[in-house]
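Structural features, examined
Here is what each chain is made of, one letter per residue.
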Amino acid sequence: MSVLYFIEGYMNGNAWEELCVMCYRMRYQDDHYTPISAAQGGDGGIEGFTQSGVVHQCYCPEKNYSDEDNYTRLRDKMTKDIGKLLKADYAKRLKDWGVPPIEEWHFVIPEQKDSRIVKHAETKRREVMAAKAADPDAYTHISKDFKLIIKCADDFLLQISKIILTPHKDYLLNLAIRDAATLDYTQCDSEKVKNIQ
């Protein structure tokens, strides 16, 4: 069962991004995690970065798509944002923010149910590495050990657990018991059961 089942309400794109940023703040506090706001000219294809070379981009489907539509949307989002890494104006923006050479680019999605997105991630990683090999001076913002990693909610179980157990206006713990059997109190012979009834 995914950790997201314990969060009450639908997780939209903005809520997912906010949750991911909170998780990255917790996990990478010692690496001086810095979130990037999209408000002033865009986020450069990342939601935030660490001083150890980890950047992340979030994506949450806006509704319950079919498996095929979901894969297509994940693939297109990844392609678009990885493509930004290869553009000179985005590379300059990352450097201006102080983003160190990118060791790991995390694509953070609520759940990973399709192996095709893993294959696509490897294709994109190879494209980035081929571009870097062809023109190393243009891609100093990308590490020679660049990895593209898919992360999902279950990878942040500890952080999400802390968030939902901490009073927060946007995340409520859902303690509803699923598939609970109904007890037949008539089979119990007890004074306390009669009092409860």
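Everything discussed here concerns the structure shown above.
Presented here is an overview of the structure given in this document. (Residues numbered from 1 in each chain as written. Predicted model: local features only at pLDDT ≥ 70, side-chain atom pairs only at ≥ 80, totals over all residues. Heavy atoms only, no water.)

**Remarks on the environment of S115**
Applied cut-off: A run of H or I in DSSP counts as a helix once it spans at least four residues, and a run of E counts as a strand once it spans at least two, with each numbered from the N terminus. Burial classification: accessible surface area is computed with a 1.4 Å probe over protein chains only, and a residue below 20% of its type maximum counts as buried, one above 50% as exposed, and the rest as partly exposed.
Counting through the fold element by element, S115 comes out in helix α4 (residues 115–134). Residue classification places S115 among the exposed residues on the basis of a relative accessible area of 58%. With 44 residues separating them in the primary sequence, S115 and Y71 have C-alpha atoms 9.4 Å apart.

**Some details on the pattern of salt bridges**
When their charged atoms lie close together, side chains carrying opposite charge are able to pair. Rules: In the sections that follow, a salt bridge refers to a side-chain nitrogen of Lys or Arg positioned within 4 Å of a carboxyl oxygen of Asp or Glu.
Inspection of the entire model under this criterion finds eleven salt bridges. In this structure, R75 engages D76 in a salt bridge whose closest nitrogen and oxygen atoms are separated by 3.0 Å. Overall, R75 belongs to the partly exposed group, its relative accessible area being 27%. The closest approach of N and O atoms between K92 and D96, which form a salt bridge, is 2.7 Å. With K92 and D96 both in helix α3 (residues 88–97) and four residues apart, this pair spans about one turn of that helix. Per residue, the accessibility class of K92 equals that of D96, and both read exposed. Where salt bridges share partners, they join E68, D114 and R116 into one cluster.

**What to know about the environment of I102**
Note that I102 resides in strand β4 (residues 102–109). In this structure the C-alpha to C-alpha distance between I102 and I142, which are 40 residues apart in sequence, comes to 4.7 Å.

**Quick look at helix α1 (residues 13–27)**
To keep it simple, the criterion reads: Multiplying 1.5 Å by the helix residue count minus one yields the expected span of that helix. Contacts: residue pairs with any heavy atoms within 4.5 Å of one another.
In this model α1 runs 21 Å from its N-terminal to its C-terminal C-alpha over 15 residues, within 8% of the 21 Å that 1.5 Å per residue would give. Against β1 (34–35), β3 (54–58), β4, β5 (142–152) and α5 (157–165) lie the buried residues of α1.

**Overview of the nonpolar core**
The following threshold applies: Residues belong to a common nonpolar core when they are buried Ala, Val, Leu, Ile, Met, Phe, Trp, Tyr or Cys residues joined through side-chain atoms within 4.5 Å.
By size, the foremost hydrophobic cluster in this structure holds 26 residues, and its most contacted members are I46, M78, I82, L85, I102, W105 and F146. Elements with a contribution of two residues or more to this core: α2 (67–85), β4, α4 and β5. With 18 residues, the next largest nonpolar core counts Y28, C60, F156 and I163 among its residues.

**Quick look at the packing of aromatic side chains**
Convention followed: Between 30 and 60 degrees the pair is tilted, below 30 it is stacked and above 60 it is edge-to-face, where a pair is any two Phe, Tyr or Trp rings, Trp via its six-membered ring, whose centres lie within 6.5 Å. Lysine NZ or arginine CZ positioned within 6 Å of the ring centre and within 35 degrees of the ring normal marks a charge as sitting over the ring.
Overall, the coordinates contain four aromatic pairs when judged by the stated rule. For the pair Y24 and Y28, a centre-to-centre distance of 5.4 Å together with 20° between the ring planes defines the contact as stacked. When sorted by exposure, Y24 lands in the same class as Y28, which is buried. Ring pairs connect the aromatic residues Y24, Y28, Y33 and F156, which therefore count as one cluster. When the ring centre of Y71 is taken as origin, the NZ or CZ atom of R116, which lies over that ring, is 4.2 Å away.

**So, the state of the cysteines**
Condition: Any two cysteine sulfur atoms lying within 2.5 Å of each other are counted as a disulfide.
Applying the stated criterion across every chain, the model contains zero disulfides. C23 forms no disulfide, and the closest cysteine sulfur to it belongs to C20, at a distance of 6.2 Å. Between C58, a cysteine without a disulfide, and C20, which holds the nearest cysteine sulfur, the sulfur-to-sulfur distance is 3.6 Å.

Functional significance is not addressed by these values, which are geometric in nature.
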